[in-house]
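Examination of the molecular architecture
Okay, here's what each chain looks like letter by letter:
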Amino acid sequence: MSAERTDESGQRGLRARVDAFTAREDAWKWTFGAAVVLLALLPLGLNSFWTRIALGALMWVGLAQSWNMIGGYAGYLDFGHGAYFGVGGFVTGIVMVKLSLPFIPGLLLAGVAGAALAYVIGVPTLRLKGSYFAIATWAFAEAMKQLALILGITGGTFGMSLPTAASSFGIPIPGGLSETFFYYVMAALSLGTVLLSYLVLEHSEFGYRVQAVRDDENAAESLGIDTTRVKRQVYVLSCVIAALFGSVYAYHITFIHPNDVLGSLITDQMVIMVLLGGLGTIYGPVVGGLTVFLLSRMSSLFLGSSTIYLPLIGVLIMLVVLFAPSGIVGLLNGQTSRADVKKNVHELADKFDLL
Amino acid sequence: MSELFTQTLINGLLLGGIYVTVGVGFSLVFGVLEVVDFAVGEWVMLGAFAGAVLTAALGTDGLYLVPVVFVLFFVVGFFVQPFLHHVTTGDRPMPLLMGLVFTFGIATFARGAVLTIFGPNTRSITSGATSGAITLSGIGVFPTIRVITAAFGVLSLLVFMYYLYRTKGGMAIRAIAEDRTNARLMGINIRRYQSIAYGAYAGLTATAGIFIGLIYTASPGMGLQYTAFAFFMVVLAGLGYLPGVILSGIVLGVVQSFVAVYVSSQWVFFSLFALIYVVLLVSPAGLLGKGEAAT
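Definitions and limits used
- Residues numbered from 1 in each chain as written.
- Chains lettered and ligands numbered in written order.
- Predicted model: local features only at pLDDT ≥ 70, side-chain atom pairs only at ≥ 80, totals over all residues.
- Heavy atoms only, no water.
- Phe/Tyr/Trp six-rings, centres within 6.5 Å; stacked < 30°, edge-to-face > 60°.
- Helix = DSSP H or I, 4+ residues; strand = E, 2+ residues; numbered from the N terminus.
- Buried < 20%, exposed > 50% of the residue type's maximum accessible area, 1.4 Å probe, protein only.
- Pairing = 2+ DSSP bridges.
- Axes fitted to C-alpha atoms, helices over the stretch in contact; angles between N-to-C directions.
- Parallel < 35°, antiparallel > 145°, perpendicular 65-115°, else oblique.
- Left-handed = near helix turned anticlockwise from the far one by under 90°.
- Contact = heavy atoms within 4.5 Å.
- Nonpolar A, V, L, I, M, F, W, Y, C, P; charged D, E, K, R; others polar.
- pLDDT = per-residue confidence, 0-100.
- Core = buried A, V, L, I, M, F, W, Y, C linked by side-chain atoms within 4.5 Å.
- Buried area = accessible area lost by both parts, 1.4 Å probe.
- Salt bridge = Lys/Arg side-chain N within 4 Å of Asp/Glu carboxyl O.
- Polar contact = N/O pair within 3.5 Å; in protein donor to acceptor, adjacent residues only side chain to side chain.
- Patch = residues over 30% accessible without salt bridge, like charges linked within 9 Å, V, L, I, M, F, W, Y side chains within 5 Å.
- Areas by Shrake-Rupley, 256 points an atom, 1.4 Å probe, with all protein chains shown as cover.
- Lys, Arg positive; Asp, Glu negative; His and termini not counted.
- Charge placed at Lys NZ, Arg CZ, Asp CG, Glu CD.
- Expected span 1.5 Å × (residues − 1).
- Domains from an automatic or database assignment.

Counting across every chain of the model gives 42 aromatic pairs over all chains. Here Trp28 of chain A and Tyr198 of chain A contribute two aromatic rings whose centre-to-centre distance is 4.9 Å and whose plane-to-plane angle is 35°, an arrangement assigned as tilted. Remark: Tyr198 of chain A occurs in helix α7 (residues 179–202) and Trp28 of chain A occurs in helix α2 (residues 27–41); sequence separation between them is 170 residues. Here Trp28 of chain A and Tyr198 of chain A have matching classes, each one buried. Between the aromatic rings of Phe352 of chain A and Phe79 of chain B, the centroid separation amounts to 6.5 Å while the plane-to-plane angle is 15°, which identifies the pairing as stacked. Taken as a pair, Phe352 of chain A in the segment after α16 (338–351) and Phe79 of chain B in helix α3 (residues 65–88) lie in two separate chains rather than in one. A residue is classified by how much of its surface remains accessible, and Phe352 of chain A, at 29% relative accessible area, is partly exposed. The partly exposed category is assigned to Phe79 of chain B, whose relative accessible area is 41%. These aromatic residues form a ring-pair network of at least three members: Phe79 and Trp138 of chain A together with Tyr19, Phe26, Phe38, Phe104, Tyr226, Phe229, Phe231, Phe269 and Phe273 of chain B.

Now the structure itself:
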């Protein structure tokens with residue numbers, strides 16, 4: 001009895017300390033600074049195999065964060081977000097292969113093309129709501145994949161190979177195009193995405209406008225928020241980030257195929273990561289991205305099956321939606337308490353009273 | 001009219017019959033549960049796989065398994081519905097979209113589980129009916145299996161429609177689709193009838209999967225194509241508008257048949273997805289304008 005009590009109070013002490021820390025105005029600066037230092041030092045302790053895994057984890061955290069902007073904060077479930085990842089990759093590929101330009105212009109043009117496409121697609125598509133928006137964006141992404149499979153400029157069904165020489169980067173790099181170099185590029189992009197997401201969506205008036213659109217679009221409109229404009233801005237921003245990640249990914253992996261970079265699995269993973277971590281939170285995509293990515297890599301490493309993570313993810317997503325709609329972050333910060341989960345189980349059991 | 005043209009047309013009509021079976025259930029589920037089921041193609045895949053695995057294990061003709069698979073998936077669907085009902089109600093952010101995400105989880109689970117357990121290879125369903133053909137002089141030659149498939153499609157559609165429009169249970173289901181709260185106030189056991197609707201949908205779709213597996217083959221990755229087909233049908237027909245699906249399903253079968261014969265097949269899917277996208281933007285209530293307008 002007494003041992004239990006000390007345990008509880010010990011936990012409460014820790015939680016109180018965590019709460020006191022997170023309540024501080026400058027908590028995010030400390031957290032972010034610690035993340036920067038940690039990620040900068042990480043490659044020193046990793047061989048190239050684990051550096052590659054860390055690189056992948058960083059990319060997925062960033063991609064999940066970009067999906068979270070439109071899906072989590074604005075409440076528009078974009079089932080075609082992966083299209084921008086693929087478009088970024090292919091634009092970079094085309095710029096480097098067909099125009100023989102270095103990677104840096106390729107990256108910039110990928111961002112510009114992503115923004116232009118997102119604007120053109122966003123204007124009509126963002127008029128749709130809910131499921132209609134989800135289906136439309138899904139159809140758009142699948143159409144883009146089919147187009148890339150048909151067109152000659154993307155290499156069609158043969159895919160596309162990118163230059164691998166160190167000189168193709170644009171500016172000289174000490175050490176050449178090593179795994180560690182790409183790690184730092186991805187880390188910079190990923191940290192930049194998280195920081196931008198925090199500053200724009202959590203720490204500014206714009207963020208409140210975006211969340212107002214999610215919570216009640218009509219009410220937001222009646223308060224004088226130009227919802228159409230806000231939605232477009234978030235959509236374009238999140239799509240540009242996905243395109244930039246696609247660009248770096250293509251340059252790193254050096255071979256891209258429409259079935260891979262434009263495949264629906266890219267979007268699927270982003271959605272799953274954000275949901276699992278926690279929709280519309282800054283830590284959600286980080287936690288979810290790491291969990292899902294490491295689960296997929298570790299299962300192929302230790303369970304000897306490269307597909308077993310799919311059913312596992314499927315079950316995870318169902319459990320989260322059923323019992324903890326605010327994700328892992330919601331469970332950790334107490335938004336979903338044990339009582340809530342219990343209530344959910346009881347309510348679900350009631351629904352089985354079918355006859 | 002040339003013989004090729006007539007034969008292509010009739011082949012398309014035969015194919016359309018089975019697509020209608022998939023589309024009608026999908027549309028009904030949207031009406032009743034207000035859920036857009038991203039797992040629709042995976043029910044087709046699961047049905048085809050169940051057919052392939054069971055024929056191999058039992059050594060029976062694939063056609064005998066049709067009632068078995070229907071009952072099996074009716075039961076599965078019957079017990080999946082409470083989960084869907086739970087995630088679309090109660091205290092949670094964006095409840096209707098959570099239903100969509102849940103079916104997304106079902107789809108990922110189904111595809112991944114089949115891929116992991118059975119491997120990526122395609123399988124065929126054995127049946128005596130896959131080899132024969134019916135010759136109509138002056139019109140063309142039609143594989144027996146396609147004729148049987150179309151007959152099943154029409155028959156199941158008639159039974160389904162009879163249940164929906166001529167029985168008390170069907171009336172209850174239509175009432176729920178109209179207004180869930182009011183239906184409940186009228187004393188309808190909404191849980192039971194929602195489960196029947198989802199079970200019937202899962203059963204019909206999986207059974208359609210056996211026939212599709214008999215005509216083509218079964219593979220773990222086949223689901224996406226049929227999800228696309230189902231979306232195409234209901235978007236053209238208007239979400240939740242059942243009679244429109246009969247038309248759009250037949251259109252789909254005929255178009256697919258003609259494109260495969262007369263045009264290069266590589267443009268099929270691009271056109272399909274592009275059409276879904278454009279129709280949703282231009283006319284969200286379907287080409288006939290009778291679906292539920294965008295909410």
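Regular strands show a simple pattern: their side chains alternate between the two faces of the sheet. Residue and element names in this part refer to chain B. Where strand β1 (residues 133–136) lies against strand β2 (residues 140–143), 4 bridges are found, and the strand directions are antiparallel. Among the inter-strand pairings, Thr135 is bridged to a residue of β2, identified as Val141. Where β1 hands over to β2, the hairpin turn is made up of 3 residues, of which Gly138 adopts a positive phi near 85°.

This next bit is on the packing of helix α2 (residues 40–58) of chain B against helix α9 (residues 223–237) of chain B. Residue and element names in this part refer to chain B. The interhelical angle for the contact between α2 and α9, taken along N-to-C directions, is 130°, at an axis separation of 7 Å. Classed by the angle they form, the pair α2 and α9 counts as oblique. In this structure, α2 meets α9 at a crossing whose hand is right-handed. Side by side, α2 and α9 meet where Val40, Gly41, Glu42, Val44 and Met45 of the first sit next to Gly223, Leu224, Tyr226, Thr227, Ala230 and Phe231 of the second. Across the contact of α2 with α9, the residue classes break down as 7 nonpolar, 3 polar and 1 charged.

Residues and elements named next belong to chain B. With respect to the helices, strands and loops of the structure, Gly128 is situated in the loop between α4 (95–118) and β1. Using a relative accessible area of 55% as the deciding quantity, one classes Gly128 as exposed. Between the alpha carbons of Gly128 and Leu63 there is a distance of 8.7 Å; along the sequence they are 65 residues apart.

On average, residues of chain A carry a pLDDT of 89, and 97% of them reach 70 or more. Across residues 1–9 of chain A the pLDDT falls below 50, and counting only partners more than four positions away or on other chains, this stretch makes 0 contacts in the model.

So, on to the side chain of Thr149 of chain B. With respect to the helices, strands and loops of the structure, Thr149 of chain B is situated in helix α5 (residues 144–166). Apart from residues no more than four positions distant in its own chain, Thr149 of chain B is found in contact with Ile18, Phe211 and Ile215 of chain B.

Right, let's get into the nonpolar core. Membership of the largest hydrophobic core comes to 198 residues, with the highest contact counts inside it found for Phe79 and Tyr235 of chain A together with Trp43, Phe231 and Ile276 of chain B. Among the elements that make up this core, the one with the highest residue count is helix α8 (residues 190–215) of chain B (16 residues). If we ignore the near neighbours within four places in the chain, the residues touching Phe79 of chain A are Ala134, Thr137, Trp138, Ala141, Thr267 and Val271 of chain A together with Phe38, Leu100 and Phe104 of chain B.

Attention now moves to the interface of chain A and chain B. The interface of chain A with chain B comprises 49 residues on the first partner and 55 residues on the second. A combined buried area of about 5,000 Å² lies between chain A and chain B, and 78% of that area is made up of carbon and sulfur atoms. There are 0 salt bridges connecting chain A and chain B. Joining chain A to chain B, the criterion identifies 5 residue pairs in polar contact (both at pLDDT 80 or more). When residues of the side of chain A that touches chain B are traced back to their parent elements, those giving at least two are α5 (103–125), α6 (130–150), α12 (264–277), α14 (309–323) and α16 of chain A. At 14 residues, α6 of chain A tops the list of elements feeding residues into the side of chain A that touches chain B.

To continue, consider the packing of α16 of chain A against α3 of chain B. When two helices pack together, their arrangement is given by the angle between the helix axes and by the axis-to-axis distance. Two elements in contact, α16 of chain A and α3 of chain B, have axes whose closest approach is 9 Å; the angle formed by their N-to-C orientations is 130°. In terms of their interaxial angle, α16 of chain A and α3 of chain B are classed as oblique. For the crossing formed where α16 of chain A meets α3 of chain B, the hand is right-handed. Across from Asn344, Glu347, Leu348 and Lys351 of chain A in α16 of chain A, the residues of α3 of chain B making contact are Pro82, Phe83, His85 and His86 of chain B. The residue inventory of the contact of α16 of chain A with α3 of chain B, partitioned by class, reads 3 nonpolar, 3 polar and 2 charged.

So, about a negative patch on the surface. Residues Glu34, Glu178, Asp179 and Glu292 of chain B make up a contiguous surface patch of negative charge. For Glu292 of chain B, the location among the structural elements is in the segment after α11 (268–282).

Non-glycine residue Thr254 of chain A carries a positive phi angle of around 65°. Examined against the element boundaries, Thr254 of chain A turns out to sit in the loop between α10 (227–253) and β2 (255–256). In this model, Glu34 of chain B sits at a positive phi of 55°, which is unusual for a non-glycine residue. Mapping Glu34 of chain B onto the fold places it in the loop between α1 (3–33) and α2.

A few words on α6 of chain A. Taking 1.5 Å of rise per residue, the 21 residues of α6 of chain A would be expected to cover 30 Å, and the 31 Å separating its terminal C-alpha atoms lies within 8% of that figure. With 19 of 21 residues buried, α6 of chain A is to be regarded as a mostly interior element.

This brings us to the domain arrangement of chain A. Residues and elements named next belong to chain A. When the domains of chain A are assigned, the result is domain 1 (1–32) and domain 2 (46–350). For the pairing of domain 1 and domain 2, the buried interface totals around 560 Å² over both sides, and the portion due to carbon and sulfur atoms is 71%. Considering only the surface of domain 1 that becomes buried against domain 2, Arg15, Trp28 and Phe32 emerge as the three largest contributors, covering 84% of it. Run the count over domain 1 and domain 2 and you get 0 salt bridges. The interface formed by domain 1 and domain 2 includes 0 residue pairs in polar contact (both at pLDDT 80 or more).

What follows is about the pattern of salt bridges. Residues and elements named next belong to chain A. In total, this model carries 6 salt bridges over all chains according to the counting rule given. Linking Lys231 and Glu217 is a salt bridge whose minimum nitrogen-to-oxygen distance equals 2.8 Å. Of the two residues, Lys231 is situated in helix α10 and Glu217 in helix α9 (residues 217–222); the sequence distance between them amounts to 14 residues. Note on accessibility: Lys231 and Glu217 belong to one class, buried.

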